[in-house]
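# Coordinate analysis (summary)
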Amino acid sequence: MTEAATQKTSQTVPLSAPQTTRMEAKHLRAGFIPLVDASVLIAAVEFGFAARQGLAIDLVKDVSWANVRDRLAFQQFDIAHMLSPMPVASMLGLGSNPSPTITPFSLGQGGNAITLSVRLFQRMEDTGLITAGSDALANVKALASTLATMRAAGEPMPTFGMTYPFSSHNYEFRYWLAAGGIDPDRDVRLVVVPPPLTSDALAAGAIDGFCVGAPWNMVASERGVGRIVAAKQDIWPSAPEKVLGMRPDWAESNQDTVARLITALDEAARWCDQPGNRDALTEALSSARYIGAPGDIIRHVLDGVFHLDAKGNQRVVDHYFRFHTDQANYPRPSQALWIYSQMIRWGQTRFDADVVAKASSAFRPDIYRAALGLPDTLAANDLRVEGAMERDRFIDGMIFDPADISTYVAGFPVRAEPEVPAGSDDI
Amino acid sequence: MTHSDLTILVIDENAIRASIIEEGLREAGHLHVTIINEVHGIARSIETLAPDVIIIDLESPNRDMLEHLFQLSRSVSRPIAMFVDRADTESIAAAVDAGVSAYIVDGLRKERVKPILDMAVIRFRAFDRLQRELTEARTALEERKVIERAKGILMKLRGLSEEEAFALLRQSAMNEKKKMAEIAQSVVTAASLLM
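Cut-offs and rules
Residues numbered from 1 in each chain as written. Chains lettered and ligands numbered in written order. Predicted model: local features only at pLDDT ≥ 70, side-chain atom pairs only at ≥ 80, totals over all residues. Helix = DSSP H or I, 4+ residues; strand = E, 2+ residues; numbered from the N terminus. Contact = placed C-beta atoms within 7 Å. Buried ≥ 20, exposed ≤ 12 C-beta atoms within 10 Å, placed from the backbone. Pairing = 2+ DSSP bridges. Domains from an automatic or database assignment. Nonpolar A, V, L, I, M, F, W, Y, C, P; charged D, E, K, R; others polar. Axes fitted to C-alpha atoms, helices over the stretch in contact; angles between N-to-C directions.

### Thoughts on the overall build of chain A
In terms of regular secondary structure, chain A is built from 19 helices and 14 strands. Dimensions of chain A, computed from C-alpha atoms along their principal axes, come out at roughly 70 × 50 × 45 Å. If you take every contact in chain A between residues at least 6 apart in sequence, the share linking residues at least 24 apart comes to 78%.

Following this line, the structure appears as C-alpha cells:
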C-alpha cells in the first residue's frame, strides 16, 4: 500500500517541459486569513521575492475558511493560504463543497496553542495536580480531574472553540484532550469560533477555552482573560500547519508559474526564519491590510516568547514558528495520511484502503522537488514513520506508521465509536 | 403547492438586508421563512427548524461554524450541500460576486431551489445599490455643507457676495482641476488654522 501510494503520487502530474510560458498566469490572486502563519505568503509579496520571479500576487484577505475553499474552487483565487487538512478533505470528497485541491508547498510549522479561561485554569490549579510551570500533559490530566469534579457536581460541561471541522486546531485540541483521557465528543462541547473573536468569546464566558493560531492565544493571555496550557509543539512538533492550496488542473496548466511561485516562497520562507528580519516582518504583519494586531504581540509570537497569563508567567518555545528549516516546507504525504488517520479517529470518515492514495495525493512533494531542483531520492522519506524520533514525539508517545493506518487508529484508547461514523444516521 | 412547503433560513447580521430578502421570499410564495440576525444560538435554531435551504452572507465569518454543524450528524439531521448545481458556473459566479452563499439539503430538486438563490442574488445586489446610493447621498450632503461654509468664510474675509464667493470657488476648482468640495475643504481648513 505504501508503494502504491508513492507511485500514485508521482504519476499524477507528469512534469513535462513547461510549455509556452506566455500563456501562463503571471498575475495571481491569493486568498489568505489574517494569521501569523500566512507570513511566508505575505513576505513573498511585501519583500519582493515574488516580483523577482516575475509574479504579481494580489493578496485578498478573507473571513472564513469556507470562503477560501469556495473562492479557490470557483476560480476567484488561483492560490490560497489553507489549513493543511483542507486539501486532504477535498480529495476525499468531505465537507460542504469539496473540489479537488492539492498543495505543493507547506507554509511552515507551529503557531497554534491551546488557551483556557483563567477561571477554568484556577480550578485546575486547585486540584493540586499542577503548578504554573507544568507541561501540556500534566495540564490536560488536571483538566480531566476538574471535569470529573464538575460532572459529579452536575455542572454543565465546558464549551471549547476551534476554527474549522477540517483544521489542525480541531485535531490538535482533540489529540490533547484525548491524551488526558477526555472524550472530546462526550465530555466537552466543541464549537467553531472565528479566530479574531476568540478572546472576546472567552472574556464573555461564551467559551471556556480554544485552540487557534497566532496571535490570538497571546492576545487572550495578555488581556488577562486566558491561560495558555499547551503549544502545538507539545502535541506533535512536526505537525503540518498551513499550506499553499491550488487546483490540480491549474497547477497542471501553469507549471512554470507554479515553479516560480515555489522558488519565491522558498526564498521568502528562508527570509522569515532569520531572527534579524523579524522587525520588518512584524511591521508588515501588524498592518491593517494583513493581520491588524498590535506589533508587540506579533513580535512576541515570532520570538516564541509566551506570556502564559497576565501574571508574568513566561515560557520560551524554541521554533514556535518554523518557516523553513527542518523541511518545514516539504509537503510530506505521511503528514496527509496522519491527517486522514485523525479524520477516521473522530468519525469524519471511515478507513478505506482504496482511498489512501487519494488522501496522500493532496500533498505533492514531486512538484516541490521539481521546482527547486531537489533530487527525487528525497521521496524515500515521503511515507516515513512519524513520531518515532525523540524530538518529534507525539504527546501520548504513539507512533504513526502510514502503512498501517487502521491499526494506528484502533490503538487510541479515546476515539469516536467506529459503529456510528458522522453522517451515517440519516433520517 | 409549489413553494410554501420549503423551510428557508436566512442568516444575516444586517437586519435591513435580511428583511429585504425575506420580503422577496414571501412575495414568491414562501411561507416558512425564518430570519436570524443574531449568531448566538444558531445551532439550536437549525436543529429545531431543520431548514431545507440556508442563505448566508459570504462576508460572515460564521460560515465556518455552519460547516462544523453540518459535520456533526447528530445536530443536523441531513447532509447539506453547497450551491444548487456545481455545473452551473454562471449562477455560482453571480452568487459569489453578490456575496451570497447557500446550503441546500441534499436531494432537493434544483428547479425548486434555483429560483430562491436567484432571488437572493437579486436582492443582495439591490441592497448593495441601495447602500451605495445612500453613501453617495450622504457624501453629496457633506459636500454641500462644506461648500456653504467655505462660501461664508470667503464672504466674510474678502467681502464678497454669495454669487462671487461661489464663482471664486468654482474657478479655483477648474484651475486646479479639483472638485469644488476639495477646494472648499482647503478653505475651511486654512481658515481654522488662521483664525
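### Some words on the pairing of strand S3 (residues 79–83) of chain A
All names here are of chain A. Within S3, five of the five residues are buried, which leaves the element mostly enclosed by the surrounding structure. Every second residue of S3 is oriented toward a common face, with Ile79, His81 and Leu83 on one face and Ala80 and Met82 on the other, all of them buried. In terms of strand pairing, strand S1 (residues 27–32) meets S3 through two bridges, oriented parallel. Each residue of the ladder has a partner; that of Gly31, found in S3, is Ala80.

### Points about the domain arrangement of chain A
All names here are of chain A. Domain boundaries in chain A define domain 1 (2–108 + 239–293 + 321–410) and domain 2 (113–237). Put simply, the middle of domain 1 and the middle of domain 2, counted by C-alpha atoms, are 27 Å apart. Counting residues at the interface gives 23 residues for domain 1, matched by 22 residues for domain 2. Of the residues forming the side of domain 1 that touches domain 2, the biggest block, three residues, is contributed by helix H5 (residues 85–91). Taken together, the residues of the side of domain 1 that touches domain 2 sort by class into 14 nonpolar, four polar and five charged.

### Considering the environment of Val188 of chain A
Residue and element names in this part refer to chain A. Looking at the secondary structure, you find Val188 in the loop between helix H8 (168–179) and strand S8 (189–192). Residue class for Val188 comes out buried when judged on the 20 C-beta atoms lying within 10 Å of it. The sequence separation of Val188 and Pro156 amounts to 32 residues, and the corresponding C-alpha distance is 9.1 Å. If we skip the residues at most four places from it in the chain, Val188 touches Met157, Pro158, Phe160, Leu177 and Ile182.

### Here we look at the sheet that holds strand S10 (residues 226–231) of chain A
Residue and element names in this part refer to chain A. The sheet built from five strands is open, its strands ordered S8-S7-S9-S6-S10 with mixed pairing. Single-partner strands in this sheet number two, and they are S8 and S10. Ignoring which end each strand starts from, the neighbouring axes of this sheet average 25 degrees apart. Note that strand S7 (residues 159–162) and strand S9 (residues 209–212) share two bridges and pair parallel. Paired with Gly161 across the two strands is Phe210, which belongs to S9.

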